[in-house]
Amino acid sequence: MITIERCSGHDGTYGVKKNTYEFARKIAKPVEARVKQAQPAHFSSDCVMAGAHIAHGLGDGTEAEHPISLIRKAYGI
């Protein structure tokens with residue numbers, strides 16, 4: 001497991017407003033780069049909106065998974 005402690009840039013409505021969307025994308029770039037570099041089989045966020053924002057920036061069709069779903073997978077249930 002690799003932990004990335006950085007802002008995703010979403011912050012509520014900041015990531016979807018016309019005036020701040022481009023700034024939100026710039027803020028997310030370092031997180032997206034680290035996810036791409038790690039080439040994970042799965043990735044997650046403690047915030048559903050942040051996970052979706054990162055997945056959008058990755059642009060490869062992957063989606064963030066809920067942390068509890070990953071625990072369920074790890075235990076095979």
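Above this text sits the structure in question.
Here goes a summary of the coordinates provided. What you see as residue numbers is a count from 1 along each chain, following the sequence as written. Since the coordinates come from a predicted model, pLDDT governs what is reported: local features require at least 70, and pairs of side-chain atoms require 80 or more to be given and counted, while whole-chain, interface and lining totals use all residues. Side-chain figures throughout are based on the complete set of non-hydrogen atoms in the structure, without hydrogens or water.

1. Digging into the nonpolar core
Point 1. We call a set of buried residues a nonpolar core when its members are Ala, Val, Leu, Ile, Met, Phe, Trp, Tyr or Cys and they connect through side-chain atoms within 4.5 Å of each other. Classification of residues uses two cut-offs on accessible area relative to the type maximum, computed with a 1.4 Å probe and protein chains only: under 20% is buried, over 50% is exposed, and between them is partly exposed. Among the nonpolar cores identified, the biggest contains 6 residues, and these are V31, V35, F43, I54, A55 and L58.
Point 2. By definition, any uninterrupted DSSP run of H or I lasting at least four residues is a helix, any uninterrupted run of E lasting at least two residues is a strand, and each is numbered from the N terminus. Every element with two or more residues in this core is listed here: α1 (21-38) and α2 (48-58).
Point 3. Here the element with the most residues in this core is α2; it accounts for 3 residues.

2. Structural notes on the side chain of R25
Point 1. Looking at the element boundaries, R25 is found in helix α1.
Point 2. A polar side-chain atom of R25 sits 3.0 Å from a polar atom in the side chain of H53.
Point 3. In this structure, R25 is in contact with E32, H53, H56 and G57, ignoring residues within four places of it in sequence. Polar contact criterion, stated in full: a pair of N or O atoms within 3.5 Å, where within protein one must be able to donate a hydrogen and the other to accept it, and residues adjacent in sequence count only if both atoms are side-chain atoms. Whether two residues are in contact is decided by their heavy atoms, any of which lying within 4.5 Å being enough.

3. Points about unusual backbone geometry
Point 1. In this structure, D11 is a non-glycine residue whose phi angle is positive, near 45 degrees.
Point 2. Checked against the element boundaries, D11 lands in the segment before α1.

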